[in-house]
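# Topology and contacts: notes
The chain contents come next:
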Amino acid sequence: MASPGRRDAPEPPDFAVLKRLARDQLVYLLEQLPGRKDLFIDADLMSPLDRIANVSLLKQHEVDKLYKVENKPVVSTSDQLCFLVRPRIRNVKYVADVVHADKAAGRSRKYKIIFSPQKFYVCEMVLEEEGIYGDVTCDEWSFYLLPLDDDLISMELPEFFRDYFLEGDHRWINTVARALQLLSSLYGPFAKTYGIGRCAKMAYELWRELEEEVEGDSQARRPEIGHIFFVDRDMDYVTALCSQVVYEGLVDDTFRIKCGSVDFGPDITSGDRSIKLLLNAQDKVFAEIRNEHFTNVFGFLSQKARNLQAQYDRRRGMDIKQMKNFVSQELKGLKQEHRLLSLHIGACESIMKKKTKQDFQELIKTEHSLLEGFDIRESASFIEEHIDRQVSPIESLRLMCLLSITENGLIPKDYRSLKTQYLQSYGPEHLLTFHNLKRIGLLTEQSPGETFTAVESKVSRLVTDRAAGKLTDAFNSLARKSNFRGISKKLGLIPRVDGEYNLKMPRDMAYVFSGAYVPLSCKIIEQVLERRSWLGLEEVVRLLNGNEFAVTDPAVEDNPTWESQRVILVVFLGGCTFSEISALRFLGKEKVAETVPDCPLARGEAKDPALPPSD
Amino acid sequence: MAWDLAEELRDCLMAAAPYGGPIALLKNNWRKEKSPGSRPVLEIYSAAGLPLASIVWKSGQVVQLGWTASEDLLCIQEDGSVLIYNLFCEFKRHFSMGNEVLQNHVLEARVFHTEYGTGVAILTGAHRFSLATNIDDLKLRRMHDMPSLQKPPSCWAVLFQDRVTVILLATGQELYLLDNTSCNAMTPPGLSPQAGAYLQMAVSFNYRYVALYTDTGYIWMGTATFKEKLGEFSCDIRAPPREMVWCARPRSKQRAVVVAWDRRLMVAGNTEECIQFVLDEDSYLVPELDGVRIFSRTSHEFLHEIPEASQEIFRIASMAPGALLLEAQKQYEKESQKADEYLREIKDKEQLSEAVQQCIEAAGYEHEPETQKSLLRAASFGKCFLDRFSPESFVRMCQDLRVLNAIRDYQIGIPLTFAQYKQLTIEVLLDRLVLRRLYPLAIKICEYLRLSEIQGVSRILAHWACYKVQQKDKSDEEVAQAINQKLGDTPGISYSEIAGRAYECGRTELAIKLLEYEPRSGEQVPLLLKMKRSKLALSKAIESGDTDLVYTVVLHLKNELNRGNFFMTLQNQPVALSLYRQFCKHQERETLKDLYNQDDNHQELGNFHVHTSYASEKRIEGRVAALQNAVDEYYKAKNEFAAKATEDQIKLLRIQHRLQEDLDKPYLDCSLHDTISHLILDGKHKRAEQLYREFKIPDKRFWWLKISSLAECGDWEEMEKFSKSKKSPIGYLPFVEICVKYHNRHEAKKYAARVVPEQKVKAFILVGDLDQAADAAIEHKSESEMSLVLAKCSPAIDATVVEKLNRARAQILKK
């Protein structure tokens, strides 16, 4: 892939420090409760914890048994119970139940709750209301960021999306700000900060405030990360709604990548157990195919298999000494590679089975025509059939949302009929799902004749009503006009295709969607970084409803020759998809400029914004 | 002394604080007649006698005055109540020593200082002792009774041993140690048999030594544990001394007591001789850490043991290195060569660094700046001839002396010795300056010593501001501005603290103004809440972006306001509202309903009921009722779609309930689609049809549904019947697909023939009948279809088909 003038992406900073910090603090916290204890872990924290500390480390610090926090009576016999949970009311109530049950049984034990990444006042409030404030001690495990890969860190807060974008609950923003503070204390300061979106702005401002509070020891360190870019998920729902076709994205869509690892079932491992596989740059095979379009992957894998065979074959004709060398040095690596290769081939086959079906082809076709804005009627009826046949509840919802967002809302007839069909297929409780989707603007109805002036008069009426709260709602609904077509045209998101798009040698980020669409979020990032400001993007910003910002830290020398200045941290508030990560990785290589370690805060949720019907 | 007293000191009740502290006088205290002109007057003077404040005493009879460790004045009244005043005679608070004291009255009282703070011990009229070890954390303790005590003890004192306060008392020749639970008679070891009755006792500053004076003029000195005797002394004075205090320097071998009579002062130690002074007027003793302060109407003196360093240097004909160095330096100034000789002499003995050290140390003990200077000069001179001598001690001493000289100035009037200053620490000294409102001097000292801003200057500024807000004569605006001007953005300044003080003084408006300067909104909130400005607090909390703060305010509001007002307030603050909703969702679902009701949010109410019907209601009637509520709300919200959908759901629920009872299979909570498909699987085609009509299911869906269900249960016969019932709205390709899916090629073939021509090729390929597929493709003359079929062929088996296709393609190409 080497072509003249292209530099490799710069090395991202060493994110492993984050892991060490988290581990040390956890050990410290466990030691705070001396003696043997049982540890109850929030289901959500299981996988992240797994990446930080293994069971033997926990045992070393006198953790006796491990339990999952779930609605079952506690069977532990230990005298000390330690709960490692996210700061949610639900979890606190769980602890309260345990304490109450013990009290009723006349048992006295020590209880300690460790909240990660931070404690919220509500939690204490609930403890108080339940009358067990005095029985329980609380602590915080400031484990904000989990490095998933060399260039990927995550906050692992799946509820961020729902809490902020749907419920308007701002509490996680503070957490984001603290995470940023941690990052800047380790790798900062950052020369330049860009961002777009309300949440981005709030998070940025809170972060600045935090920094100012501890200001003082601003020794002139050499920054390891040059720029930082904030993106709100609601700036670009479209990308999150499209089916993924790069390998890593497909693996996620098919098997669900959780916390950087995936569970391959027995059908793939061709054994009788399922295997948990860590997917990151350490996996040599995966590293080479993760960002590739799926059509290339199979060819690559078979090539790889042949190479491997050739290496094995070298054994023949070796003398004893060479053989010894081979066994001691290369064989292990080869074996390992062999194992990975067979796993990925298995995964590929499984994906192929599912995705080469006609359904999938037509799904992709529909998505593309929706993106381009052709054959809307045909797409609508495809969606209806999709629902009628109960193909997949999530995919149906995704298509409906995509239709709504690209068309600025469904026409009333479609809106009613698609919803009716959906309810008939999947149950009336989805009435609440639709309501939620409407609230975040993913699935709306075109209101005929509602021009801008109409909205304006509505707003002014509200002002006279002196209901300031409703005013913001009104503005929000204004913001929810997606304006996708306009933005798409302005930024050229649909590449003009002359002949076949060459997926083997992609020329732009559109390759992550088979050359049909450049992810909007990534395009904005590319444009802003190229201009080093928002200048010239005013129209796009207006269509996206503003809230953009660009701040230069005067204290940091902006020296473009520094390698680190090319490192850019992109913070997705509300999650991001693997397609976006692939696109940004492509951007990092191609543009001779910068590499992009993403920080998918609360990744995953955005992938299927289909919100569950109830809580 | 700067004071100009008309009265004799003996007529006043007095208290002087240690560490060069202020002196309080209560005049006219003992006059019984209560004529208005002769009310008692409480006056407070600095140690230099400068008046700080005075007030007319209007409260009850005072028995004893005393100072706390933080320089507050304690006035112990006869009835056992203790009034606390600050340096400026401003009343702070009061507390009582308990009922028993109230009944029996205070006979005598002592104020004492321990590591726990300032304590008060009281001897009541019933000859019982009560004490409180720390007046800031008042815990009254009654000491063990002394049954034999018929008259007041001749003398008593508070001892502090092993972190317990006990009382040492003497009656006649008996000596007792009194604690909470017991009373032990003590015998001082080595007490002279002729000792006689105890008249006076003295406890040293650090509670380690005790001295006893008996009516034979005998003084016993020993440890407070009465295990060891340190010395004794006999004098010929039989009169009871007025005061006796210890005079000792920490870590010094010499221990001595100072005994005072009306006109005589005696210093006695463990030697045959004593030093006696004649007093011209009434003098009073103030025990200090390293000596005794003696003050009278005209003078204020300090009596102490000369420290060793000073002795060495200033003793007549001393040959100590320090003395030689001082001399050398003097000669040097006179430009005499003797300087060299002296210096050489020290250097020969290799004592130069010791000499410098001595000079530095001695300088610290001097009160006269001239002497300090000459000693320091000598030290600095000697330092020049030393290669490696850390300048730190010298620099420190210079700094310390400068500070000490400044505060010893009579205008300031804090005569601290070097040892006291070191014991007190600079932080406490600064506090004391602040207490005396000497802000500029305090700031100067901070700056001079380069203390960190947060510890020094800004702390003092904050105190200044807190004082400033108490000035009632200035307008709120003026005060706020003056404060902001001076404080600006000095780091470490907490405007909220100052505002808190303003609020305590009853200046709420000023407090709010000051809070505006507070950069951290988080700090503003608690005070605003305290001032009952909850709405302002709420908006500040939201501004801060800290959701915890918002919750704090919201909960506060919830308790403070009635429900209606509370909801109204929330409605205007969307951020707070959504947070509270989140809380209610988990904790108080009913409140959530009230919230929506208040807002007439029928849509959310509908959603709420729907949720209830799924989450909390178990019985079918309850669920239907909840849904019915939802329908009502949806209609109110003009959401007809949702209302209709919910009505349908009610209908469905009822049907499912019936089905469940009739067929004894779980139907509840299936979607309509699934319900019908289950019915078909169970062979209840009639009922399925019924539902299909009742819910107006689109034909297409019903066909899809039916054939896939039939295929699933393998009812091919029924399927065929169905396919012939009328023309399929979805065509026949789905039939083929579904048959193939369930591996029934035979059935699939039946339908393949009925597929519309455009889809025939596809259908035949699906069935695996490549031959027919090829025929169809050829018939259509479609090249792409032909390639499709070709791709499916394997040359070995389907040779004829391949050949056929190739031929057809060739024909097309020819054309």
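Throughout, a residue's number is its position along its own chain's written sequence, starting from 1. Going through the entries in the order they are written, you letter the chains from A and number the ligands from 1. The predicted origin of the model limits local features to residues at a pLDDT of at least 70 and limits the giving and counting of side-chain atom pairs to 80 or more, whereas totals for whole chains, interfaces and linings rest on all residues. Water and hydrogen atoms were dropped before computing side-chain values, which therefore reflect all heavy atoms in the structure.

## Topic: the UniProt feature "domain: Vps16 C-terminal" (unreviewed entry) in chain B
- UniProt positions are given in the numbering used here, feature names are shortened, and annotations may be inferred rather than shown by experiment. The positions that UniProt labels "domain: Vps16 C-terminal" (unreviewed entry) are, in the present scheme, residues 493-811 of chain B.
- We count a stretch as a helix when DSSP gives it H or I for four or more residues in a row; a strand needs E for two or more, and each element gets its number in order from the N terminus. For residues 493-811 of chain B, the helix share is 78%, the strand share is 0%, and the end-to-end C-alpha distance is 95 Å.

## Observations regarding the side chain of T68(B)
Residues and elements named next belong to chain B.
- Locating T68 in the fold gives a position in the loop between β5 (62-67) and β6 (73-77).
- Partly exposed describes any residue whose relative accessible area lies between the buried limit of under 20% and the exposed limit of over 50%, with all areas from a 1.4 Å probe on protein chains only and scaled to the type maximum. Judged by its relative accessible area of 7%, T68 falls in the buried class.
- Each residue touching T68, except ones within four places of it in the same chain, is listed here: L74, H113, T118 and I135. By definition in these notes, contact holds between two residues if any of their heavy atoms fall within 4.5 Å.

## Here we look at the domain arrangement of chain A
Residue and element names in this part refer to chain A.
- Each domain's extent is set by a domain assignment, obtained either automatically or from a database. Per the domain assignment, the segments making up chain A are domain 1 (32-143), domain 2 (144-236 + 481-615), domain 3 (247-356) and domain 4 (389-479).
- Taken residue by residue, the interface counts 15 residues in domain 2 and 18 residues in domain 3.
- Summed over both sides, the interface between domain 2 and domain 3 buries roughly 1400 Å², with carbon and sulfur atoms accounting for 44% of that surface.
- Criterion for a salt bridge: a side-chain nitrogen of Lys or Arg within 4 Å of a carboxyl oxygen of Asp or Glu. For the pair domain 2 and domain 3, the number of links is two salt bridges.
- The partner of E248 in a salt bridge is R585, and the shortest N-O contact between them spans 3.5 Å.
- Whenever two N or O atoms come within 3.5 Å, that pair is a polar contact, provided that in protein one can donate a hydrogen and the other can accept it, and provided that, for residues adjacent in sequence, both atoms are side-chain atoms. For the interface between domain 2 and domain 3, the tally reads seven residue pairs in polar contact (both at pLDDT 80 or more).
- Elements with a minimum of two residues in the side of domain 2 that touches domain 3: β6 (146-149) and α25 (578-590).
- Just so you know the grouping, Ala, Val, Leu, Ile, Met, Phe, Trp, Tyr, Cys and Pro go in nonpolar, Asp, Glu, Lys and Arg go in charged, and all remaining residues, Gly too, go in polar. Looking at the side of domain 2 that touches domain 3, its residues break down into five nonpolar, two polar and eight charged. Buried area: the accessible surface (1.4 Å probe) lost by two parts on joining, summed over both.

## Observations regarding the environment of K68(A)
Residue and element names in this part refer to chain A.
- Mapped onto the elements of the fold, K68 is located in strand β2 (residues 63-68).
- The class for K68 is partly exposed, based on a relative accessible area of 41%.
- Spatially, the C-alpha atoms of K68 and L84 are 9.6 Å apart, while their sequence positions differ by 16 residues.
- The contact partners of K68, leaving out residues within four places of it in the chain, are I41, A43, M46 and Y94.

## Side note on the UniProt feature "coiled-coil region" (unreviewed entry) in chain B
- With numbering matched to this structure, UniProt assigns "coiled-coil region" (unreviewed entry) to residues 325-352 of chain B.
- Each end of residues 325-352 of chain B is marked by a C-alpha atom, and these two atoms are 8 Å apart; helix forms 75% of the span and strand 0%.

## Some thoughts on the packing of aromatic side chains
- Each aromatic pair joins two rings of Phe, Tyr and Trp (for Trp, the six-membered one) with centres within 6.5 Å, and gets the label stacked for planes under 30 degrees apart, edge-to-face for over 60, and tilted for any other angle. Inspection of the entire model under this criterion finds 49 aromatic pairs over all chains.
- Ring centres of Y164(A) and F165(A) lie 4.7 Å apart, and the angle between their planes is 85°; this geometry places the pair in the edge-to-face category. Take Y164(A) and F165(A): they sit in the same class, and that class is buried.
- Relative to F160(B), the ring of Y116(B) lies with its centre 6.0 Å away and its plane at 85°, an arrangement referred to as edge-to-face. One end of the pair, Y116(B), is in the loop between β9 (106-114) and β10 (117-124); the other, F160(B), is in strand β13 (residues 155-161), and 44 residues separate them in sequence.
- The class of Y116(B) is partly exposed, set by a relative accessible area of 38%.
- Each member of the aromatic cluster is reached from another via a ring pair, and the members are Y692(B), F702(B), W703(B), F722(B), Y732(B), F735(B) and Y751(B).
- Here the basic side chain of R437(B) rests over the ring of F88(B), its NZ or CZ set 4.0 Å away from the ring centre.
- The ring of F695(B) carries the charged tip of K651(B) above its face, separated from the ring centre by 5.0 Å. Cation placement over rings: the criterion is NZ of Lys or CZ of Arg within 6 Å of the ring centroid and within 35° of the ring normal.

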